[in-house]
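As a plain string of letters, each chain reads:
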Amino acid sequence: MLDLQKLMGQMQGMSEQLQKEAQQLTVKLDRAETIFHQASANQANLCKHSEILRDRFMFNCAEPVEPLEQVQAISPTTTPHIVLATDGSQIAPSRHEIAYCYLINIGRVAIYYNSGIYPLLDNVPEVFYKMEDLYKARQWGIQTEQWMTLKRTVAENVALANLAIATLASYPHSPMLAFSDGALVHWELDEIPADARSHLLPDILAAWDNLKTQKIPLAGYISAPRAAEATNFLRLQLCPFEEPDCHTHCSDKPLDAAPCSQIQPLRDGTLWSRLLKAGECSPIWKSQARILQEYGEHQIYFCYLHVGTEIARIEMPAWTALDTEMRSQALQIILAQVQKGYGYPVALAEAHNQAVVTGSDRRRFFAILEQQMVKSGLRNVTTSYKESRKRSSIA
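Bear in mind that the values here come from a model prediction, so they are computed numbers and not experimental data. (Residues numbered from 1 in each chain as written. Predicted model: local features only at pLDDT ≥ 70, side-chain atom pairs only at ≥ 80, totals over all residues. Heavy atoms only, no water.)

**Considering the side chain of Thr77**
Operational definition: Only DSSP runs of H or I with at least four residues qualify as helices, and only runs of E with at least two residues qualify as strands; both kinds are numbered from the N terminus onward. A 1.4 Å probe rolled over the protein chains alone gives each residue an accessible area, and that area as a share of the maximum for its type sets the label: buried under 20%, exposed over 50%, partly exposed in between. Polar contact criterion, stated in full: a pair of N or O atoms within 3.5 Å, where within protein one must be able to donate a hydrogen and the other to accept it, and residues adjacent in sequence count only if both atoms are side-chain atoms. Working rule for contacts: check all heavy atoms of both residues, and any pair within 4.5 Å makes them a contact.
Mapped onto the elements of the fold, Thr77 is located in the loop between β2 (72–73) and β3 (81–91). Overall, Thr77 belongs to the buried group, its relative accessible area being 12%. Within the local environment of Thr77, its side chain forms a polar contact with the side chain of Thr79, the two groups lying 3.2 Å apart. Ignoring sequence-local partners within four residues, the contact set of Thr77 consists of Gln332, Ile333 and Ala336.

Given below as structure tokens:
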């Protein structure tokens, strides 16, 4: 049991440190706003440097595809429309349980607004127990728990596309949005070997192909974003050299000591909270994440939307972001979702609720599994002594 009394002294020091950092952040934010307006006047030149010298940067820098100071006011949609969302949860494998396996549960939601149709709220569980499911990733140095998480990401995207295609077949003329909780830029895939990635990414891209073919807009919603791709673009304006070539001019310096680090570690969301009013959207940016080199035609663009309660990062594939009508439809539906959900999109919250696996769900899952194992003739079906002792603690 946590001794909160012993933590109080540490919390006081933490509060003082956070207050100090908040004061420093205000100074950096003032500086960043000034640099932002300078960069806006110099945008064409900075974009040219970004395109030519990107491989010489020591930081990841997105590129604006619209004028930096172009702000669009978004109105929440009030017409009939459909919102589709998926989210996932899991039961992780444990060697202390009666069997070494894992479960992925995908929550699915389809909400039909202003139509009188009852919403779809369900979940689709799948248990993985075969050798190839549990140990195949070990050949690439990937632990089973990490592989399970990556498989869940794939399952969420495939389920979302399948749900959207099926819904479109039943309601072909209704505006709709395929809505994802989190990023569409799957940075985590860049951290695993290419052979492992070839077992995951193609399924995601194939699902997106289906959405593109049917012209169903797709968007990922990131609450409390911590990305710095847009603020990193401002570093090009701060560079004192004629060409912003980090490897030539600053390779012998720590990244936080470079001349362009004056506004670091400022996040995009913090900057846009200064620049946007409620209901306003930033210009569109093109992400330059390395993993996108394998995305083909599904290059990811993003913008920042002031939803009233926070600055949210909205990610969209090229076929949604660069189509004016589809992008507008997506943003209007997203803003309506946030307002209906009192600060967070209704469909995403409900998809999470459908997906979440509680402690009691976990216990019932293993109880059913134990019953099935006994029926199959297995003997000595039990948890480890460690797990049994933990469940009967006298403390």
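**Topic: the environment of Lys136**
Looking at where Lys136 falls in the secondary structure, it is placed in the loop between α3 (131–135) and α4 (144–170). A relative accessible area of 32% places Lys136 in the partly exposed class. Residues in contact with Lys136, not counting those within four places in the same chain, are Met131 and His199.

**Considerations on the pairing of strand β11 (residues 311–317)**
Stated formally: The rule for pairing is simple: two strands pair if DSSP sees at least two bridges between them.
The element β11 is extensively covered by neighbouring structure, given that seven of its seven residues are classed as buried. Every second residue of β11 is oriented toward a common face, with Ile311, Arg313, Glu315 and Pro317 on one face and Ala312, Ile314 and Met316 on the other, all of them buried. Sheet topology places strand β7 (residues 218–222) next to β11; three bridges connect them, and they run antiparallel. Residue pairing in the sheet places Ile222 in a bridge with Arg313 of β11. One ladder, built from seven bridges, connects strand β10 (residues 300–306) with β11; its direction is antiparallel. Each residue of the ladder has a partner; that of Ile300, found in β11, is Pro317.

**Here's the deal with the packing of helix α7 (residues 229–238) against helix α9 (residues 268–275)**
Our working rule: Angles shown run from 0 to 180 degrees and are taken between the N-to-C directions of axes, each axis being a line fitted to C-alpha atoms and, for helices, limited to the stretch in contact. Throughout this description, any angle smaller than 35 degrees is read as roughly parallel, any larger than 145 degrees as roughly antiparallel, any in the 65 to 115 degree range as roughly perpendicular, and the remainder as oblique. Polarity classes work like this: nonpolar for Ala, Val, Leu, Ile, Met, Phe, Trp, Tyr, Cys and Pro, charged for Asp, Glu, Lys and Arg, and polar for all others, with Gly in that last group.
For the pair α7 and α9, interaxial distance at closest approach is 7 Å and the crossing angle is 85 degrees. Relative to α9, the element α7 lies roughly perpendicular. Judged by residue contacts, Glu229, Ala230, Thr231 and Leu234 of α7 engage Asp268, Leu271 and Trp272 from α9. Grouping the amino acids of the contact of α7 with α9 by side-chain chemistry returns four nonpolar, one polar and two charged.

**Quick look at the pattern of salt bridges**
We apply this condition: When a carboxyl oxygen of Asp or Glu is within 4 Å of a side-chain nitrogen of Lys or Arg, the pair counts as a salt bridge.
Overall, the coordinates contain 14 salt bridges when judged by the stated rule. Of the charged contacts, one joins Asp245 and Arg56 as a salt bridge, the two residues approaching to 3.1 Å between their closest N and O atoms. With Asp245 in the loop between α7 and α8 (246–249) and Arg56 in the loop between α2 (43–53) and β1 (63–64), this pair connects stretches of sequence that are 189 residues apart. A relative accessible area of 30% means that Arg56 is categorised as partly exposed. With its nearest N and O atoms 2.6 Å apart, the salt bridge here joins Arg313 to Glu229. Residue Arg313 is located in strand β11, and its partner Glu229 is located in helix α7; the two are separated by 84 residues in the primary sequence. Relative accessible area serves as the criterion here: at 3%, Glu229 is assigned to the buried category. One network of salt bridges, in which partners are shared, links Asp30, Glu33 and Arg274.

It is worth stressing that arrangement in space is one thing and function is another; only the former is reported here.
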